[in-house]
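Structural description and commentary
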Amino acid sequence: AGRNVQTLFTDSFEIAEENADALLDARNNWQGNVRVVAESIDLGGYSLQIEENRVSRTIASTTISVGSFYELQFIARGEVSRMEVLLEQEGDNEPVALFTFDPSVNQARAISVGNSWQQYRLGPVQFDPKSNQGDARVTFVTTPVAGGRVQVYIDQVQLKELPSNL
């Protein structure tokens, strides 16, 4: 018998009250030009606004397992953009895996983000890093189709470890 699906993290960016500390706390574990804003698929909700082409979410080394498979889910909307999503490991020069890899054509295939909220479910990918020095991270690389600055919102970001018996 295999294990059940295990959720490593779920980031919904919701805050109890709108103040500077709550807004900063809601983006814990995220690096890059990001901020929590009142923009959501849910009335009165919040999401993470991405304003540069490369931002990351740290995954503690104690929570991710070498050799295991992972699936990433999130919703996104914003300026029409192409987005690649990588699984990276501190100390590795190359990504460990591409969530936006299409095995049917054996190449990376960016997802399209548009003006309406859309759900994405990416993977599974295997976490098999060259080094195992410290934390891993999920990295979102966003390229606006029309050029200009990045402005994308993401929400309900969830990383799951899949059972080993799939």
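Above this note sits the structure.
Residues numbered from 1 in each chain as written. Predicted model: local features only at pLDDT ≥ 70, side-chain atom pairs only at ≥ 80, totals over all residues. Heavy atoms only, no water.

1. Focus: the overall build of the chain
In terms of regular secondary structure, the chain is built from one helix and 14 strands. Against the 2.2 N^0.38 benchmark of 15 Å for 166 residues, the chain shows a C-alpha radius of gyration of 16 Å, consistent with a compact globule. The 166 residues of the chain split such that 46% are buried. Nonlocal contacts in the chain, meaning residues at least 24 apart in sequence, comprise 77% of its contacts between residues at least 6 apart. Taking the 13 positively charged and 22 negatively charged side chains of the chain as two groups, their mean positions are separated by 5 Å. (Helix = DSSP H or I, 4+ residues; strand = E, 2+ residues; numbered from the N terminus. Rg over C-alpha atoms; globule rule 2.2 N^0.38 Å. Buried < 20%, exposed > 50% of the residue type's maximum accessible area, 1.4 Å probe, protein only. Contact = heavy atoms within 4.5 Å. Lys, Arg positive; Asp, Glu negative; His and termini not counted. Charge placed at Lys NZ, Arg CZ, Asp CG, Glu CD.)

2. So, the packing of aromatic side chains
Under the criterion given, the structure shown has four aromatic pairs. Here the aromatic rings of Phe-74 and Tyr-120 are separated by 5.2 Å at their centres, their planes lie at 25°, and the arrangement is stacked. Within this pair, whereas Phe-74 is found in strand S6 (residues 69-78), its partner Tyr-120 is found in strand S12 (residues 118-126), the two being separated by 46 residues in sequence. The burial state of Phe-74 is the same as that of Tyr-120; both residues are buried. A cation over an aromatic ring shows up here: Arg-57 above the ring of Phe-9, its NZ or CZ 3.7 Å from the ring centre. (Phe/Tyr/Trp six-rings, centres within 6.5 Å; stacked < 30°, edge-to-face > 60°. Lys NZ or Arg CZ within 6 Å of the ring centre and 35° of its normal.)

3. Some remarks on the nonpolar core
Within the largest apolar cluster, 39 residues are counted, with the highest numbers of intra-cluster contacts made by Phe-74, Phe-99, Phe-140 and Ile-154. Contact partners of Ile-154, with chain neighbours within four places excluded, come to Phe-13, Trp-30, Ser-47, Leu-48, Ile-50, Phe-74, Ile-75, Ala-76, Met-83, Trp-117 and Phe-140. (Core = buried A, V, L, I, M, F, W, Y, C linked by side-chain atoms within 4.5 Å.)

Interpretation note: all reported values are geometric properties and have no functional meaning in isolation.
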